[in-house]
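Each chain, written out:
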Amino acid sequence: MLQYVFHRLWQSAVTLVLASIVVFIGVRALPGDPATTMAGEQADPAAIAAVRADLGLDQSLPVQYFQFVWHALTGDFGRSIRTGTPVIDMIGTTLPVTVQLAVYAMIIAVLAGVIGGVIAAVYRGRWPEWVANGFSLAALSVPTFWVGILAVLYLSVQLNWFPASGYVSPFEHPLRGLYFLTLPAIILGLAHAAVVQRQTRSSMVETLTADFVRTARAKGLSRPAVIFRFGLRNSLIVVTTIVGLQLGGLIAGAVVTERIFSLPGMGKLTLDSVFTRDYPVIQAVIMVIATAYIVINLLVDVLYTVIDPRVRVSGRAQ
């Protein structure tokens, strides 16, 4: 197991380095000049040059990259070009909102997806499967922004079941905070629930038709025991993989949902930074998201060793 964990750790480190290079180059490929934006369109060349020197943009790209990496390792992402606020403080304010939304949405997605997948697998060829599959197809086909707008229009404005916008920290007011996050989490988690449902159904159908399951039934094991002890338990690896990948995607994909519901998360911060060519903020936000992807995938791979003993024996993922 330790060999497998070590193998995954160095792979994750290499992936993070490559991600930092792509982020650094990609941000500088954006059109526009942050020095000109900060100094003003009417500023003279000397003022723009002074701003560029102050930001370190007058140095070569390798020097800028190594400075970026060194400061990032020490937790210093610089200051926002737009506001002058330390980037680490801006991320510290917005990241908890996005993480809360993503975790809440994933809980909803897992519960709905696993329940729907079990129903679709157990009732194959009957109307419960058709209903579950219809839900997953609709959730995957309809754009999130359209569902979000309709939810705000009907569930918030007309029926007044949920607030149309705003945010309250669940740590300060738990019930009120969850109330404000419920509708955005449902909207964000719909498509992910459909993915979890399809994978759960596929894995359970394969497991329930296996020889060892037929043997268990022949020995008189009850139907619920067969479904949950064999079918669902043996489907956990697939579900765990999907949940790990989807959680990273939720953090990155919360941009649209946060914009619709006016949540002060990283989605709003990302859009504002892109529009103003705020290099330090863009780099920091993308690196945080990339690191979240890598860390979550690493934790999922390590969790394999707990769920599936074959990974511990082989020392690598199957």
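Residues numbered from 1 in each chain as written. Predicted model: local features only at pLDDT ≥ 70, side-chain atom pairs only at ≥ 80, totals over all residues. Heavy atoms only, no water.

Draft legend 1. Here's a closer look at the overall build of the chain. When you go through the chain residue by residue, the secondary structure sums to 14 helices and zero strands. Order of helices (α) and strands (β) in the chain, N terminus to C terminus: α-α-α-α-α-α-α-α-α-α-α-α-α-α. Here the chain holds 318 residues, and the buried ones make up 41% of them. Taking contacts inside the chain between residues at least 6 apart in sequence as the whole, the part at least 24 apart equals 73%. Carbon and sulfur atoms make up 67% of the accessible area of the chain, which totals about 17,000 Å². (Helix = DSSP H or I, 4+ residues; strand = E, 2+ residues; numbered from the N terminus. Buried < 20%, exposed > 50% of the residue type's maximum accessible area, 1.4 Å probe, protein only. Contact = heavy atoms within 4.5 Å. Areas by Shrake-Rupley, 256 points an atom, 1.4 Å probe, with all protein chains shown as cover.)

Draft legend 2. Highlighting the side chain of E258. For E258, the location among the structural elements is in helix α11 (residues 236-260). Although E258 is buried, it makes no salt bridge; R259 carries the closest opposite charge, 8.5 Å away. Of note is the side chain of E258, whose polar atom sits 2.6 Å from the side chain of T98. Contact partners of E258, with chain neighbours within four places excluded, come to T98, L101, L263, G265, M266, G267 and K268. (Lys, Arg positive; Asp, Glu negative; His and termini not counted. Salt bridge = Lys/Arg side-chain N within 4 Å of Asp/Glu carboxyl O. Polar contact = N/O pair within 3.5 Å; in protein donor to acceptor, adjacent residues only side chain to side chain.)

Draft legend 3. Geometry of the pattern of salt bridges. Applying the stated rule across the entire model yields one salt bridge. Ionic pairing is found between E129 and R201, a salt bridge with its closest N-O pair at 2.7 Å. Of this pair, E129 sits in helix α6 (residues 127-141) while R201 sits in helix α8 (residues 174-208), placing them 72 residues apart in sequence. On the basis of relative accessibility, which here comes to 24%, the residue R201 falls in the partly exposed class.

Draft legend 4. Examining the environment of F145 more closely. You can see F145 is positioned in helix α7 (residues 144-158). By relative accessible area, which is 46% here, F145 ends up partly exposed. Spatially, the C-alpha atoms of F145 and R259 are 9.3 Å apart, while their sequence positions differ by 114 residues. Apart from the residues lying within four places of it in its own chain, the contact partners of F145 are V256 and I260.

Draft legend 5. Examining a nonpolar patch on the surface more closely. Side chains of F6, W10, V14, V17, L18, I21 and I25 sit close together on the surface and give an oily, nonpolar patch of about 680 Å² of accessible area. Checked against the element boundaries, I21 lands in helix α1 (residues 2-28). (Patch = residues over 30% accessible without salt bridge, like charges linked within 9 Å, V, L, I, M, F, W, Y side chains within 5 Å.)

Draft legend 6. Broad picture of the packing of α7 against α8. Closest axis-to-axis distance for the α7/α8 pair is 10 Å, and the angle between their directions is 150°. By the angle class used here, α7 and α8 are roughly antiparallel. In this structure, α7 meets α8 at a crossing whose hand is right-handed. Across from T144, V147, G148, A151, L155 and S156 in α7, the residues of α8 making contact are L183, I187 and L190. Here the residues of the contact of α7 with α8 sort into six nonpolar, three polar and no charged. (Axes fitted to C-alpha atoms, helices over the stretch in contact; angles between N-to-C directions. Parallel < 35°, antiparallel > 145°, perpendicular 65-115°, else oblique. Left-handed = near helix turned anticlockwise from the far one by under 90°. Nonpolar A, V, L, I, M, F, W, Y, C, P; charged D, E, K, R; others polar.)

Draft legend 7. The environment of S169, seen in detail. Along the chain, S169 turns up in the loop between α7 and α8. Residue S169 is classed as buried on the basis of its relative accessible area of 16%. Measuring from C-alpha to C-alpha, the distance between S169 and L181 comes to 9.3 Å, with 12 residues separating the pair along the chain.

Draft legend 8. Here's a closer look at the side chain of T200. In this structure, T200 sits in helix α8. Taking the relative accessible area as the measure of exposure, T200 reaches 0% and is therefore buried. With near-sequence residues (within four places) excluded, T200 lies in contact with G113, V114, G117, V118, S235 and V239.

Draft legend 9. Looking closely at α8. With 35 residues, α8 ought to run about 51 Å at 1.5 Å a step, yet its terminal C-alpha atoms sit only 41 Å apart, falling short of that. Of all the bends in α8, the largest measures some 40° and sits at L190. (Expected span 1.5 Å × (residues − 1). Bend = angle between axes of the 7 residues up to and from the residue.)

Draft legend 10. Local environment of unusual backbone geometry. Phi angles above zero are rare outside glycine, and N160 is one such case at about 60°. Its place among the elements puts N160 in the loop between α7 and α8. A relative accessible area of 60% places N160 in the exposed class. The backbone phi angle of S262 is positive, close to 55°, even though this residue is not glycine. Mapped onto the elements of the fold, S262 is located in the loop between α11 and α12 (266-275).

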